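Residues per chain, in single letters:
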Amino acid sequence: MVPLWAQATLWGLLGGGALLIGAAIGYYVKVRAKIASSIMAFGAGVLISALAFDLMSEAYGQGGFDSTALGFLAGAVVYTAANWFLKKKGAHHRKHSGNQQASEAEDSGSGLALAIGALIDGVPESIAIGISMISGSSVSVAMVAAVFLSNVPEGLSSAVGMKKANRSKGYIFGVWGGIAVISGLAAWLGYSVFSEFSPEVIAGTTALAAGAILAMVSDTMIPEAVEVTHHLTGLITVLGFLTAFVLSHV
């Protein structure tokens, strides 16, 4: 039987690997901006559903209101501060498929900022996958599905934007391949490290991941989808939410 820590790592790799799949589609297939943004909105809805019905519910059940609320707010604060800093360094449009991303020639250091930005977007989701395995012997299928379904459009849209900003193929696939590997390690970390802590700490960490994810969706995914899909963004996001909700209840 495969040890749980190894299972957590593999599930994290699967979720992170969706970024690489999306990047390959975005790089090799000509995807219209409206389609890329629509998929982004759908992924945002999927993530909102997952954090509402899986992460927050699980955190509250384990540690009660105080740990959950503090962790949730902390996750949002940490992500918002990191995102604000990275935007100033050139990673403002890292999920956008249009011509908004700055090239290295236009903004020195923006390539590193883009890579770090993509990393902080993906790590909380992977840690949450690992933590979801602590209370039982199997992973939360709904959480993995939500991460996978949201990561494909994220990698797709961002890779299209990177390509338009004249980033090299090696850079684009290096970033997403590296983050896929780190996602696996983050899931391992979520299971192996936090399984030694009290239910309150686990709850706070789960909620922290949820807060960071919601802040990421609000700060980057939805605004950049709105720029192209406009008034249809809300409907598409709701469809993504409903899809994840159904997956978590079947």
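The structure this text deals with has already been given above.
Quick summary incoming for the structure in this document. (Residues numbered from 1 in each chain as written. Predicted model: local features only at pLDDT ≥ 70, side-chain atom pairs only at ≥ 80, totals over all residues. Heavy atoms only, no water.)

1. Description of helix H6 (residues 199–229)
So, point 1. The first and last C-alpha atoms of H6 sit 42 Å apart over 31 residues, in line with the 45 Å expected at 1.5 Å per residue.
So, point 2. If you look at H6, its biggest bend is around 40°, right at Val 217.
So, point 3. Remark: His 230 follows H6 within two positions and exhibits a positive phi of approximately 55°. (Helix = DSSP H or I, 4+ residues; strand = E, 2+ residues; numbered from the N terminus. Expected span 1.5 Å × (residues − 1). Bend = angle between axes of the 7 residues up to and from the residue.)

2. Observations concerning the nonpolar core
So, point 1. Counting 30 residues, the largest nonpolar core has Leu 47, Leu 55, Ile 129, Met 143, Ile 213, Val 217 and Met 221 as the members making the most contacts within it.
So, point 2. Within the residue set of this core, elements represented by two or more residues are helix H2 (33–91), helix H3 (110–131), helix H4 (141–164), H6 and helix H7 (233–248).
So, point 3. The contacts of Ile 213, once residues within four sequence positions are left out, are Leu 47, Leu 51, Leu 55, Pro 124, Glu 125 and Met 143.
So, point 4. Of all hydrophobic cores here, the second largest spans nine residues; its members include Leu 19, Tyr 27, Met 162 and Ile 179. (Core = buried A, V, L, I, M, F, W, Y, C linked by side-chain atoms within 4.5 Å. Buried < 20%, exposed > 50% of the residue type's maximum accessible area, 1.4 Å probe, protein only. Contact = heavy atoms within 4.5 Å.)

3. Description of the packing of helix H1 (residues 4–28) against helix H5 (residues 169–192)
In a packed pair of helices, the relevant descriptors are the angle between the two axes and the axis-to-axis distance.
So, point 1. Two elements in contact, H1 and H5, have axes whose closest approach is 7 Å; the angle formed by their N-to-C orientations is 160°. Relative to H5, the element H1 is oriented roughly antiparallel. Handedness of the H1/H5 crossing: right-handed.
So, point 2. Of the residues belonging to the contact of H1 with H5, the class tally is 19 nonpolar, eight polar and one charged. (Axes fitted to C-alpha atoms, helices over the stretch in contact; angles between N-to-C directions. Parallel < 35°, antiparallel > 145°, perpendicular 65-115°, else oblique. Left-handed = near helix turned anticlockwise from the far one by under 90°. Nonpolar A, V, L, I, M, F, W, Y, C, P; charged D, E, K, R; others polar.)

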